[in-house]
Amino acid sequence: MLVLSPDDSAIVMVLRTRPGRDPYGVLPGGGLEPDDADPLAGALRELTEETGLGGADVELVTSKVVVEGEQWIFLGRARHRLPLRLGWPETDRDAEVHGTYEPVWLSPRVALEQLGGGVHPRWITGMIAGGR
């Protein structure tokens, strides 16, 4: 899920480290679970797990979904710029094996500069850089 701050100055990213890799950023997301009613429900569940933001905290900006292969990106705007916090199951993972997760608000420019284009999924980098 690509979540904008209320004033559109920042996006929610999860900074990741993994053994043997350079740090990189990901949009909050993941796979669908059997209990997810649809892809949007799965995206909102993952958003809550990875950032603490719930469905009531985010307004969908558009009903359109960006789809690339089997990856769906929903665009939302946070109603308030709330502090972000990592939730379960990421908090239970062994950092030495799975690396670390840190949800942050970053300006798109800073996200691209600090991460050297290391924003995942990779195809979203052009959208962020182009302001689309």
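Just above, that's the structure.
Residue indices follow the written sequence of each chain, beginning from 1 at its first position. Reporting of local features is limited, given that this is a predicted model, to residues whose pLDDT is at least 70; pairs of side-chain atoms are given and counted only at 80 or more, and all residues count toward the totals for whole chains, interfaces and linings. Where side-chain values are given, they derive from all heavy atoms of the structure, hydrogens and water being excluded.

Peer 1: Just checking my understanding: could you explain the overall build of the protein for this structure?
Peer 2: Think of it this way: any DSSP run of H or I at least four residues long counts as a helix, any run of E at least two long counts as a strand, and we number them from the N terminus. Of regular secondary structure, the protein possesses 4 helices and 9 strands. Counting from the amino terminus, helix and strand elements in the protein follow one another as β-β-β-α-β-β-β-β-α-β-α-β-α. Scored against the burial criterion, the 132 residues of the protein give a buried share of 42%. What makes two residues a contact is simply this: any of their non-hydrogen atoms within 4.5 Å. A sequence separation of at least 24 residues applies to 60% of the contacts in the protein between residues at least 6 apart. Residue exposure ignores everything except the shown protein chains as possible cover, and the areas themselves are Shrake-Rupley values with a 1.4 Å probe. For the protein, the computed accessible surface area is about 7400 Å², with 52% contributed by carbon and sulfur atoms. The cut-offs for exposure are 20% and 50% of the maximum accessible area for each residue type, with area from a 1.4 Å probe on protein chains only; residues under the lower value are buried, those over the upper are exposed, and the others partly exposed.

Peer 1: Help me understand the nonpolar core, please; the structure alone is not making it clear to me.
Peer 2: Core analysis: the largest hydrophobic core is formed by 12 residues, namely M1, V3, A10, V12, A43, L47, L53, V58, F74, A78, L84 and W105. Those residues in contact with V3 that sit more than four places away from it in its chain are A10, I11, V12, L47, L53, V58, G76, A78 and W105. Core analysis: the next-biggest nonpolar cluster, separate from the first, contains 10 residues, L2, V104, L106 and V110 among them. Buried Ala, Val, Leu, Ile, Met, Phe, Trp, Tyr and Cys residues form a nonpolar core when they are joined through side-chain atoms within 4.5 Å.

Peer 1: Explain the pairing of strand β7 (residues 75-78) to me, please; I cannot follow it from the model alone.
Peer 2: Residues in a regular strand project their side chains so that they alternate between the two faces of the sheet. Side chains of β7 alternate between two faces, with G76 and A78 buried and L75 and R77 left unburied. Paired strands are those between which DSSP finds at least two bridges. Across 3 bridges, strand β1 (residues 2-4) lies against β7 in parallel orientation. Looking at β7, one finds that V3 is bridged to G76.

Peer 1: Even after reading the chapter, I still don't get the packing of aromatic side chains, so can you show me in this structure?
Peer 2: Describing an aromatic ring pair means giving the distance of the ring centres and the angle of the ring planes. Any Phe, Tyr or Trp ring, taking Trp's six-membered ring, that has another such ring centre within 6.5 Å forms a pair; planes under 30 degrees apart are called stacked, those over 60 apart edge-to-face, and the others tilted. Taken as a whole, this structure holds 1 aromatic pair when the rule is applied. Judged by centre distance (6.3 Å) and plane angle (35 degrees), the ring pair of W72 and F74 falls under tilted. In this structure W72 comes out as partly exposed when scored by relative accessible area, which is 44%. When the NZ atom of lysine or the CZ atom of arginine is within 6 Å of a ring's centre and also within 35 degrees of its normal, the charge is said to sit over that ring. For R16, the ring lying beneath its charged end belongs to Y101, and the centroid distance is 3.8 Å.

Peer 1: Please explain helix α1 (residues 39-51) as it appears in this structure.
Peer 2: Taking 1.5 Å of rise per residue, the 13 residues of α1 would be expected to cover 18 Å, and the 18 Å separating its terminal C-alpha atoms lies within 8% of that figure. For α1, the set of buried residues is G42, A43, R45, E46, L47, E49, E50 and T51. Residues of α1 that are buried sit in contact with β1, β2 (11-17), β4 (58-60) and β8 (100-106). Counted as a polar contact is a pair of N or O atoms within 3.5 Å, where, for protein atoms, one must be capable of donating a hydrogen and the other of accepting one, and residues adjacent in sequence contribute only when both atoms are in side chains. Here α1 starts with a cap whose side-chain oxygen sits 3.1 Å from the backbone nitrogen of L40, and that cap is D38. Expected helix span is given by 1.5 Å per residue-to-residue step, counting one fewer step than there are residues.

Peer 1: Would you explain the pattern of salt bridges in this entry?
Peer 2: If charged atoms from side chains of opposite charge come close, those side chains can pair. Note on definitions: salt bridges are taken to be side-chain nitrogens of Lys or Arg within 4 Å of carboxyl oxygens of Asp or Glu. In the structure shown here, the tally under the stated rule is 4 salt bridges. Linking D8 and R77 is a salt bridge whose minimum nitrogen-to-oxygen distance equals 2.7 Å. Taken together, the residues span a long stretch of sequence, with D8 in the loop between β1 and β2 and R77 in strand β7 at a distance of 69 residues. The class for R77 is partly exposed, based on a relative accessible area of 23%. Salt bridges here are not isolated pairs; linked through shared partners, they connect D36, R45, E46 and E49.

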